[in-house]
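# Understanding the architecture of this molecule
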Amino acid sequence: QDSGIEGLPAESSFSSLASAAAISWKSKESAALEEEHQRLVSLIRKCPNTRLLRQIHARIIATHLSPSSYSLFYKLLSSSISIQSSNGGGCSDSSYAQNIFFHIPKPNIFTLNTIIKGFSDTGTLPSKSPFYLYKILFSRTQPKPNSYTVAFVLKACSAASAFREGLQVHSQALRAGFCSCVFVQTGLVNFYAKCCEVRRARKMFDEIPERNLVVWSAMISGYVTNGLFNEAFGLFREMQKTGIVPDEVTMVSVISACALSGALDVGRWVHAYINKLGIRGDTELGTALVNMYAKCGLIEKGREIFDAMPVKDTKAWSSMIVGFAAHGLANEALELFSKMQEAKVRPNHVTYLGVLSACAHSGLVSKGQQYWSSMLNCGIKPSMELCGCMVDLFCRANLIEDAFTFVEAMPVSPNPVIWRTLLTGCKKTQRLLDRGEVIAERLLELEPSNLGNYILVCNVHASQSMWEKVRDVRKKMKETKNMNHVLVQIPGCSSIEVNGFVHEFVMGDWSHPEAKAIRDALREMSDKVVAAGHKPDISAVLREMGDEEKGKALNEHSERLAIAFGLIKIKAPGTIRIVKNLRVCDDCHEVTKVVSKVYGREIIVRDRVRFHKFVDGACSCTDYW
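Residues numbered from 1 in each chain as written. Predicted model: local features only at pLDDT ≥ 70, side-chain atom pairs only at ≥ 80, totals over all residues. Heavy atoms only, no water.

What follows concerns the overall build of the chain. The number of helices and strands found in the chain is 30 helices and six strands. Considering the chain as a whole, with its 625 residues, one finds that 47% of them fall into the buried category. The long-range fraction of contacts in the chain, counting pairs at least 24 apart against all pairs at least 6 apart in sequence, stands at 64%. For the chain, the computed accessible surface area is about 31,500 Å², with 54% contributed by carbon and sulfur atoms. (Helix = DSSP H or I, 4+ residues; strand = E, 2+ residues; numbered from the N terminus. Buried < 20%, exposed > 50% of the residue type's maximum accessible area, 1.4 Å probe, protein only. Contact = heavy atoms within 4.5 Å. Areas by Shrake-Rupley, 256 points an atom, 1.4 Å probe, with all protein chains shown as cover.)

Structure below.
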């Protein structure tokens, strides 16, 4: 058709050309956008931190890439969660990930589960964020949570000990019919166990008709977490009878039970069982074995396993260093720390707890100060525990003024443990009575209901023959009681393993099935100790009673009951191994030295502070503990 203008194409031809040009332009634009899309995906995958990720996010918006590009925003979300996990779960990272999620149009259930699982797995800072996110989305019509969502939220509630929130999730899971799913069942067992609701955890466990390895492992781990070691051992044996073969996760839990309870015989059997089954020992399992042997008193065996480990991470090095420190082997601990640095393995706060503790137990003040400086240079923040190690270091060396100066400069307010450490240091010298008065006052203000604090303050005054001060403290105790404050003292508890069973003893508790035999053995032991010339140190007994009654009270301390039971059940020359939850008192320390000499027995006691190896009337701590 003629266009009417010479030299120009007809109208239909022009339209065709214009259309072809538009298609070509759109095709080029589409190709450019696709190229930019792929480039951004590559950058997101390589992104090391949230700051750069935000820049990439801004680039996406600036280039007008469609916000409906699901894959691009999903990769942003995944990367932000991954960065959050590697950084230990920072609040800003968490809120940014949530912001990305809520800007994804029509997210599906897979996306929802990804962000909740990501929050559940992040670093060292447990958060309730997954629960609140779940709660918001549960009220919406889309996407609907499924059994995996519930399992991930329960895991987060377990990590954060969010009991009330977890109960709500359990209730909703029941209504939604998810409680028959094995992932949810396992999550509920783990959740109740982590929240110290062991009976509920066991009830859930018993209601599961077909239990797989993960469920068994969760219940065993729950018992260990709550200090029910015999129950953990019993359930492990029950699992074996069902024919289910344990894996590394199960064995780590059982080995941890052996370590915490000091059950060396069970630990040795478990180690042999691992070798028999040919369970592949990863770094976590190897570290658990190192820790177990160290805590059960066989530090040499722990070192042997440590040296044989092909790969050693920070946790492995730290376990070995802490083990040496607990045994009073400062040179070995510090030498190993030097090797750790040579191996370019980055230390953490646990590593420095071991290093500083080793210095404290050996009086290495200058070295301790050097390590404290290097710790700060590494970027490790001084926690209460680490500060406590430094205070302990100064106090053991009678540098109370230095300790007090350190406490006053602490970045966090000192807790009662630190004030008690300072007060114990003041007890050793008469030059710092004024300091002791100030410290005692602060301690009793912080913890007016702790009976142990009053005992310590009285002992400090009594050591300086300040009897009027002792009477004042006693009066304050009575006033506290009259104000309806219940004075509480953590009961001393000692345990001993005999034939694969851990027997526990509490001061003055005669409920043990063999109480009569233990009482007879204790009486005989006491007579022999007195005959050897020991005179009881009754200053630690603050109750109003006669000196003879105070001596009897000391005689019923938990470690003496455990030692008496050990003398009955463990035939010579077998070593008697005791684990105590508190620091061994001065009198029990002296008595155990005498018992080791009179009976010709080796007695190893692991208290809250360190190991004490008693042989022929002497202790490995050389009375410096």
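Once you've had a look at it, read on.
Time to look at the packing of helix α29 (residues 558-569) against helix α30 (residues 586-598). Contact geometry for α29 and α30: axes closest at 10 Å, N-to-C directions at 20 degrees. Regarding the angle of α29 to α30, the classification is roughly parallel. With respect to the hand of their crossing, α29 and α30 are arranged in right-handed fashion. Across the interface between the two elements, E559, R560 and I563 of α29 pack against D587, C588, V591, T592 and V595 of α30. For the contact of α29 with α30, the residue count by class is four nonpolar, one polar and three charged. (Axes fitted to C-alpha atoms, helices over the stretch in contact; angles between N-to-C directions. Parallel < 35°, antiparallel > 145°, perpendicular 65-115°, else oblique. Left-handed = near helix turned anticlockwise from the far one by under 90°. Nonpolar A, V, L, I, M, F, W, Y, C, P; charged D, E, K, R; others polar.)

All right, on to helix α9 (residues 182-194) then. Since one α-helical turn is 3.6 residues long, residues separated by three or four positions face the same way. For α9, with 13 residues, the first-to-last C-alpha span of 18 Å sits near the 18 Å given by 1.5 Å per residue. Of all 13 residues making up α9, ten are buried, and the element is well covered by its neighbours. Among the residues making up α9, those that are buried are V184, Q185, T186, G187, L188, V189, N190, F191, Y192 and A193. In the stretch just after α9, C196 is the one whose phi turns positive, near 65 degrees. (Expected span 1.5 Å × (residues − 1).)

We now examine α29. Across its twelve residues, α29 extends 17 Å between first and last C-alpha, which sits within 8% of the 16 Å expected from 1.5 Å per residue. Extensive coverage of α29 is indicated by the burial of ten of its twelve residues. Those residues of α29 that fall on the buried side of the exposure criterion are S558, E559, R560, L561, A562, I563, A564, F565, G566 and L567.

Counted residue by residue, strand β1 (residues 493-498) has five buried out of six residues, so it is predominantly covered. Direction of pairing for β1 relative to strand β2 (residues 501-506): antiparallel, over a ladder of six bridges. Following the sheet pairing, C493 is matched in β2 by V506. Following β1, the chain reverses through two residues before pairing antiparallel with β2; N499 in that reversal takes a positive phi of roughly 55 degrees. Bridge analysis of β1 against strand β3 (residues 576-580) gives two bridges, and the strand direction is antiparallel. When the bridges of β3 are listed, S494 appears paired with K580. (Pairing = 2+ DSSP bridges.)

Another aspect to go through is the layout of surface pockets. Approximately 640 Å³ is the volume attributed to the second largest pocket. Contributing to the lining of the second largest pocket are 24 residues, with K155, T186, G187, N190 and V214 lying nearest its centre. Elements with a contribution of two residues or more to the lining of the second largest pocket: α5 (109-121), α7 (147-159), α9, α11 (213-225) and α13 (248-261). Here the lining of the second largest pocket is built from residues that sort into ten nonpolar, nine polar and five charged. (1 Å grid on protein atoms, 1.4 Å probe; cavity = no way out; pocket = protein on both sides within 12 Å on 5 of 7 lines; lining within 4 Å. Points joined across faces, edges and corners; volume = space filled by probe spheres on them.)

Here the focus is the confidence of the model for the chain. It should be kept in mind that the predicted coordinates are not to be read in detail where pLDDT is low. Confidence in the prediction of the chain, expressed as mean pLDDT, is 85, and 84% of residues score 70 or more. Note on residues 1-5: pLDDT is under 50 here. Beyond four places in sequence and across chains, it has four contacts. (pLDDT = per-residue confidence, 0-100.)

Time to look at the packing of aromatic side chains. Evaluated as defined, the whole model comprises 15 aromatic pairs. Ring centres of F205 and W216 lie 5.1 Å apart, and the angle between their planes is 80 degrees; this geometry places the pair in the edge-to-face category. Taken as a pair, F205 in helix α10 (residues 198-207) and W216 in helix α11 lie far apart in primary sequence, eleven residues in all. Classification of F205 as buried rests on a relative accessible area of 0%. By relative accessible area, which is 2% here, W216 ends up buried. (Phe/Tyr/Trp six-rings, centres within 6.5 Å; stacked < 30°, edge-to-face > 60°.)

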